[in-house]
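Letter by letter, the chains look like this.
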Amino acid sequence: MGALLKTPLFELHGRLEAKMVPFAGYEMPVQYPMGVMKEHLHARTRAGLFDVSHMGQVILSGPSWEAVAIAFEALVPMDVLGLADGRQRYGFFTNPAGGIEDDLMFARRGDALFVVINAACKEADIALMRAGLPAEISLQVLDDRALLALQGPVAGSVIGTLDPKAGEMRFMDVADLSLSGHTVWASRSGYTGEDGFEMSVPADEAEALARRLVNDADVAPIGLGARDSLRLEAGLCLYGNDIDATTDPVSAGLVWAMQKVRRPGGDRAGGFPGADRIFDLLARGPQRKRVGLRPLGRAPMRDGVALFATEDASEPVGAITSGGFGPTVGAPVAMGYVMADLSQPGQALWGEVRGKRMGVEVVSLPFVQANFKR
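All figures in this text were calculated on a predicted structure; none of them were measured in a lab. (Residues numbered from 1 in each chain as written. Predicted model: local features only at pLDDT ≥ 70, side-chain atom pairs only at ≥ 80, totals over all residues. Heavy atoms only, no water.)

The next subject is the sheet that holds strand S5 (residues 88-94). The pairing of strands in a sheet comes from backbone hydrogen bonds and takes either a parallel or an antiparallel form. With antiparallel pairing, the five strands of this open sheet are ordered in space as S5-S6-S7-S4-S8. What marks the edges here is a single partner per strand, and that holds for S5 and strand S8 (138-141). Along the sheet, successive strands turn relative to each other by an average axial angle of 30 degrees, direction set aside. For strand S6 (residues 100-109) and strand S7 (residues 112-117), the ladder comprises six bridges, and the chain directions are antiparallel. Looking at the pairing, Leu 104 lines up with Ile 117 of S7. Against the sheet, helix H3 (residues 65-73) makes contact with strand S4 (56-61), S5, S6 and S7, and its axis sits at roughly 35 degrees relative to S7, the strand it touches most. Each of S4, S5, S6, S7 and S8 is contacted by helix H4 (residues 122-132), which is oriented at about 165 degrees to S8, the strand it contacts most. (Pairing = 2+ DSSP bridges. Helix = DSSP H or I, 4+ residues; strand = E, 2+ residues; numbered from the N terminus. Axes fitted to C-alpha atoms, helices over the stretch in contact; angles between N-to-C directions. Contact = heavy atoms within 4.5 Å.)

Let us look at the environment of Ala 220. Relative to the assigned elements, Ala 220 resides in strand S13 (residues 219-221). In this structure Ala 220 comes out as buried when scored by relative accessible area, which is 5%. Ala 220 sits 47 residues away from Asp 173 along the chain, and the two C-alpha atoms are 24 Å apart. Aside from chain neighbours lying at most four places away, what touches Ala 220 is Met 34, His 42, Ala 47, Gly 48 and Leu 49. (Buried < 20%, exposed > 50% of the residue type's maximum accessible area, 1.4 Å probe, protein only.)

Turning next to the pairing of S6. Here S6 lies mainly inside the structure; eight of its 10 residues are buried. The pairing of S5 with S6 spans seven bridges and is classified as antiparallel. Bridging across to S6, Thr 94 finds its partner in Ile 100. Linking S5 to S6, which pair antiparallel, is a turn of five residues; within it Gly 98 sits at a positive phi near 90 degrees.

Below, the discussion takes up H3. In terms of burial, H3 is largely enclosed, as seven of its nine residues are buried. Listed in full, the buried residues belonging to H3 are Trp 65, Ala 67, Val 68, Ala 69, Ala 71, Phe 72 and Glu 73.

Close contact between helix H2 (residues 36-45) and helix H7 (residues 224-233) brings their axes to 8 Å; oriented N to C, the two are set at 50 degrees. In this view, H2 runs oblique relative to H7, as classed from their interaxial angle. Considering the relative orientation of H2 and H7, their crossing is right-handed. Residues Val 36, Glu 39, His 40, Ala 43 and Arg 44 of H2 form the contact with H7, whose participating residues are Gly 225, Ala 226, Ser 229, Leu 230 and Glu 233. Partitioning the contact of H2 with H7 into residue classes produces four nonpolar, three polar and three charged. (Parallel < 35°, antiparallel > 145°, perpendicular 65-115°, else oblique. Left-handed = near helix turned anticlockwise from the far one by under 90°. Nonpolar A, V, L, I, M, F, W, Y, C, P; charged D, E, K, R; others polar.)

This part takes up the sheet that holds strand S15 (residues 306-308). On the basis of which strands lie adjacent, the closed barrel formed by six strands has the order S14-S17-S16-S15-S18-S19 and antiparallel pairing. Across this sheet, the average inter-strand angle for adjacent strands is 45 degrees, counted without regard to direction. Across four bridges, strand S14 (residues 288-295) lies against strand S19 (residues 356-363) in antiparallel orientation. Looking at S19, one finds that Gly 292 is bridged to Val 363.

It is worth spelling out the pairing of S19 at this point. By the bridge criterion, six bridges tie strand S18 (residues 348-353) to S19 in an arrangement that is antiparallel. Looking at S19, one finds that Leu 349 is bridged to Val 360. Adjacent in sequence and paired antiparallel, S18 and S19 are bridged by two residues, among which Arg 354 carries a positive phi angle near 50 degrees.

Glancing now at the nonpolar core. Counting residues in each nonpolar core, the largest one holds 46 residues, and the members touching the most others are Leu 60, Phe 72, Phe 106, Leu 113, Val 115, Met 129 and Ile 243. If you list the elements that add at least two residues to this core, you get S4, H3, S5, S6, S7, H4 and helix H8 (275-284). Here this core takes six residues from H3, the largest share from any one element. Setting aside chain neighbours within four positions, we find Leu 113 in contact with Val 58, Ile 59, Leu 60, Trp 65, Val 68, Phe 72, Val 80, Phe 106, Ala 107 and Arg 108. Membership of the second largest hydrophobic core comes to 27 residues, among which are Leu 12, Ala 155, Ala 175 and Leu 213. (Core = buried A, V, L, I, M, F, W, Y, C linked by side-chain atoms within 4.5 Å.)

A few words on the packing of aromatic side chains. All told, the structure shown has seven aromatic pairs when counted by the stated rule. For the pair Phe 72 and Phe 93, a centre-to-centre distance of 5.9 Å together with 70 degrees between the ring planes defines the contact as edge-to-face. Placement of the pair is Phe 72 in helix H3 and Phe 93 in strand S5, with a sequence separation of 21 residues. According to the relative accessible area criterion, Phe 72 is buried, its value standing at 0%. With 5.5 Å between their ring centres and 20 degrees between their planes, Tyr 90 and Trp 256 make a pair best called stacked. Of this pair, Tyr 90 sits in strand S5 while Trp 256 sits in the loop between H7 and H8; the two residues are 166 residues apart in sequence, bridging distant segments of the chain. (Phe/Tyr/Trp six-rings, centres within 6.5 Å; stacked < 30°, edge-to-face > 60°.)

Coordinates in, geometry out; function isn't part of it.
Spelled out as C-alpha cells, the structure:
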C-alpha cells in the first residue's frame, strides 16, 4: 500500500488537534478534542464542518446538455435529461447483474454535469465513465478542488450571513456563492439528514474558507466518527457496507431514486446496465430488504452480526451492515438486510454477538427525521 494522500485541509486538521486515521487511501480526521459524541450532537443542534475533499469531483461536458444527459443515462437509472439547471440528484452506477457499483451525486451546471463520487471508488468510477461515455463527451477530473460540508440546523444562517443568496436555496438546489471572497459551487445537501451545504472550492482557497467557518461560534469541526453515526441515524447508506456491487437498488430500498421516466412504462425506460434484472425484481419483489434495526439491549450491534428468526434458530435470515450507538436517539441503532417476509416494522429477530443471542426489532427508517430545507 502506497503513502496515504492528504487533503488540502491536512495542516488545518493538525492545528485543530484532530486524531487522524487512514480512510479510502487518505489520512483523514476521525475526531477532534470535542469527541465523537459531542461532535455528533453539535451537528444535530448547531453546525458542523466536514472535510470531504477525499471524494472525487468530475465535470462532464459535450456539444449540448441533451448529449451529456443522454450519455450519462446509459450508466445510471436516473432521469438526467429532465434535470433543471441549478438542481442536483442522488444516483448510482449499476452493473449488468443489477448491482450498485457506486452511489453518487450529480448536478446540472448549465450544459455540463458535475458528478461527486465516493473516494474508495474514485478510480473505478472514472474508468467506468471513460469506457461508457461516447467520444463526444469530455471528462475532466477536478483534482484542483476541495470539498467542504457544513451541516446542521444553523448552517443556513451561517452561510446566509456570508452570501444572502444561500437563503433562497432549497434542498438539492445548486448555485455559485461568494463566501468571504471565495467563489464556491454549493449544493444545499449533505450526508447527515440535517440542513446544510456541500461546497466545492479551489484547493488553494480551502483552508482560508474552512478557518473562516470554524471561527463562527456556532460551527465546530467534525470527523469521520460522527459523520458515520449521523448518516446511520438518518438511514443513509454507506457504500461498501449497506450497498455494493452485489446489492440491487430494489433490495436496498433505493427505487425512489429511479424516476418514473426510467422505469418500466416510462418514456426512456431501461437502457442502463442491469435494467432487465432490476425490472424483474420490481415486478416480483426482492428476496431480502434493507431495514432499520433496534437492538433491545444497551450494547450496539456492528456490521457483520448475523440475524436469526428465533433465539435458537440455526440458519441466519439476514445480517447487520451498519450499526453503532445513536447519540441523538440515545440507544443503539443499526441497519441491515433480512428476508422480505421478516422485514415489517415490529418484527422480532435475534442478533448473535460473541456467541450470545440478543433481541432486535425491525423498525422504520430513518431513526431521526430529516431536517432538509424544503
